[in-house]
Amino acid sequence: MALTIGVDVGGTKIAFGVVDENGGILERGLRHSPAGDPEKMALTIADVVNELAARHEVEAVGIGAAGFVDETRSVIRFAPNLAWREEPLRMKVGELVGLPVVVENDANAMAWGEYRYGAGRGESHVVCVTVGTGIGGGIVLGGDLYRGRWGMGAELGHMQTVPGGRPCGCGNNGCWERYASGSSLLAEAKENAEADPAAATHLLRLGGSVEGIRGEHVTEAARLGDRAALDAFESLAGWLAQGLADLAAILDPGCFILGGGVSGAADLFADRVRDEFAARLTGRGHRPLADIRVAEMGPSAGLVGAGDLARLR
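Predicted model only: the values in this text are computed from it and were never measured.

Chemist: Please clarify how the side chain of Ser184 should be interpreted in this entry.
Modeler: Examined against the element boundaries, Ser184 turns out to sit in helix α4 (residues 182–195). Residue classification places Ser184 among the buried positions, given a relative accessible area of 3%. For Ser184, the contacting residues outside a window of four places in its chain are Arg166, Glu177, Arg178, Tyr179 and Leu236.

Chemist: What exactly am I supposed to notice about the packing of aromatic side chains here?
Modeler: Given two aromatic rings, one states the distance between the centres and the angle between the planes to describe the pair. All chains considered together, the criterion is met by five aromatic pairs. Here the aromatic rings of Phe233 and Phe269 are separated by 6.1 Å at their centres, their planes lie at 10°, and the arrangement is stacked. In this pair, Phe233 sits in helix α7 (residues 227–251) while Phe269 sits in the loop between β12 (255–259) and α8 (270–280), placing the two residues 36 residues apart along the sequence. Taking relative accessible area as the criterion, Phe269 reaches 3% and is therefore assigned buried. Where Phe256 meets Phe277, the ring centres are 5.7 Å apart and the plane angle is 75°; that geometry is what we call edge-to-face. Within this pair, whereas Phe256 is found in strand β12, its partner Phe277 is found in helix α8, the two being separated by 21 residues in sequence. One exposure class covers both Phe256 and Phe277, and it is buried. Over the ring of Trp150 we find Arg149, and its NZ or CZ is 3.9 Å from the ring centre.

Chemist: Is there a simple way to think about empty space enclosed by the protein in this case?
Modeler: Once rolled over the atoms, a probe with the size of a water molecule shows which space is left empty. Counted under the stated rule, the structure contains two cavities of 30 Å³ or more. What lines the largest cavity is Gly67, Phe68, Val69, Asn105, Asn108, Gly137, Gly151, Met152, Gly153, Ala154 and Glu155. Within the lining of the largest cavity, the residues separate by chemical class into four nonpolar, six polar and one charged. The volume enclosed by the second largest cavity comes to roughly 30 Å³. For the lining of the second largest cavity, the leading source of residues is strand β8 (residues 101–105), giving three residues. Classifying every residue of the lining of the second largest cavity by side-chain character gives two nonpolar, three polar and four charged.

Chemist: Looking at this model, I keep getting lost on the sheet that holds strand β4 (residues 58–65). Mind explaining?
Modeler: In sheet architecture, strand pairing relies on hydrogen bonds along the backbone and comes in two forms, parallel and antiparallel. One open sheet holds the five strands; their spatial order is β3-β2-β1-β4-β8, and the pairing between them is mixed. Each edge of the sheet is formed by a strand with only one pairing partner; in this case those strands are β3 (25–32) and β8. Each adjacent strand pair in this sheet contributes to an overall mean axis angle of 20°, direction not counted. Set on the sheet, helix α2 (residues 89–97) makes contact with β4 and β8; between it and β8 the angle comes to about 145°.

Chemist: What is the right way to look at the pairing of β12 in this model?
Modeler: Within a regular beta strand, the side chains point alternately toward one face of the sheet and then the other, so they alternate between its two faces. Burial runs high along β12: five of the five residues are buried. What you see with β12 is no split at all: Cys255, Ile257 and Gly259 on one side and Phe256 and Leu258 on the other are buried throughout. Relative to β12, strand β9 (residues 126–131) runs parallel, the two being bridged by five bridges. The partner of Val127 across the bridge, within β12, is Phe256. Pairing analysis gives four bridges linking β12 to strand β13 (residues 291–294), with the strands arranged parallel. Following the sheet pairing, Ile257 is matched in β13 by Arg293. Taken together, β12, α8 and β13 constitute a β-α-β crossover, and its handedness is right-handed.

Calculation criteria
Residues numbered from 1 in each chain as written. Predicted model: local features only at pLDDT ≥ 70, side-chain atom pairs only at ≥ 80, totals over all residues. Heavy atoms only, no water. Helix = DSSP H or I, 4+ residues; strand = E, 2+ residues; numbered from the N terminus. Buried < 20%, exposed > 50% of the residue type's maximum accessible area, 1.4 Å probe, protein only. Contact = heavy atoms within 4.5 Å. Phe/Tyr/Trp six-rings, centres within 6.5 Å; stacked < 30°, edge-to-face > 60°. Lys NZ or Arg CZ within 6 Å of the ring centre and 35° of its normal. 1 Å grid on protein atoms, 1.4 Å probe; cavity = no way out; pocket = protein on both sides within 12 Å on 5 of 7 lines; lining within 4 Å. Points joined across faces, edges and corners; volume = space filled by probe spheres on them. Nonpolar A, V, L, I, M, F, W, Y, C, P; charged D, E, K, R; others polar. Pairing = 2+ DSSP bridges. Axes fitted to C-alpha atoms, helices over the stretch in contact; angles between N-to-C directions. Right-handed = clockwise from strand over helix to strand, strands pointing away.

Written as structure tokens, this is what we have:
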């Protein structure tokens, strides 16, 4: 059975594992991510690959990285949370490990993992939306991962949903992720608590103050019936549904998969997203409805997807 190594690089940690042809992980581990030092990052990735390769017969390495990856799957053009600028990561790691290496955007890798082995099984047209601090995305069309002409496609979070709206870290205003991400959920819950403290008793108890409210407090308070937290989730659901309806008008997928950290609270908003999506869809009533599913693979999707894409290089 052909084995590969999948590596999922984030701003704080590196997850890695040996991946088999069925999406199983034979061995896995975590390392601290030296996010501010590109040379140390390449060395750290190479170290974990060499350790695993010494114990398993592997044929290739796939690296999922949070950033803009070029069309050759070699160079990271820019990474907002890592010190990568025009970084030739494929070459650096390949020279250190002596194996074929491919580099993928981390959301692409996660989407591929879910398409192959998770919530997207059986579908040929899948759009994966990762809802976390921001919004990431991955698109599979006709069984092929869509990367775009320059390798930078599926940056779904930066569709400009509200012209002249909230400023975004990308430099534009009104991006989808400024209204439908974990960050926007938290910001809205805080605004609600400040505007109506009587509706935010659980939020304020958990946070100690408006400033002390954190993301996990919003979820916990909503499950306790806190109106301010529930209203924030309702707003999140509406914005998510609008973005999915817009994407459906363009891509017409068989299913959407909601992943990322906020998907852990899907019981609080997924049904409303489905209802709002159906109400906002172009041509509603005269076309099939795409399924809206919750990701199944959790944090394993990225490294499994990266490893599988290395096999299919």
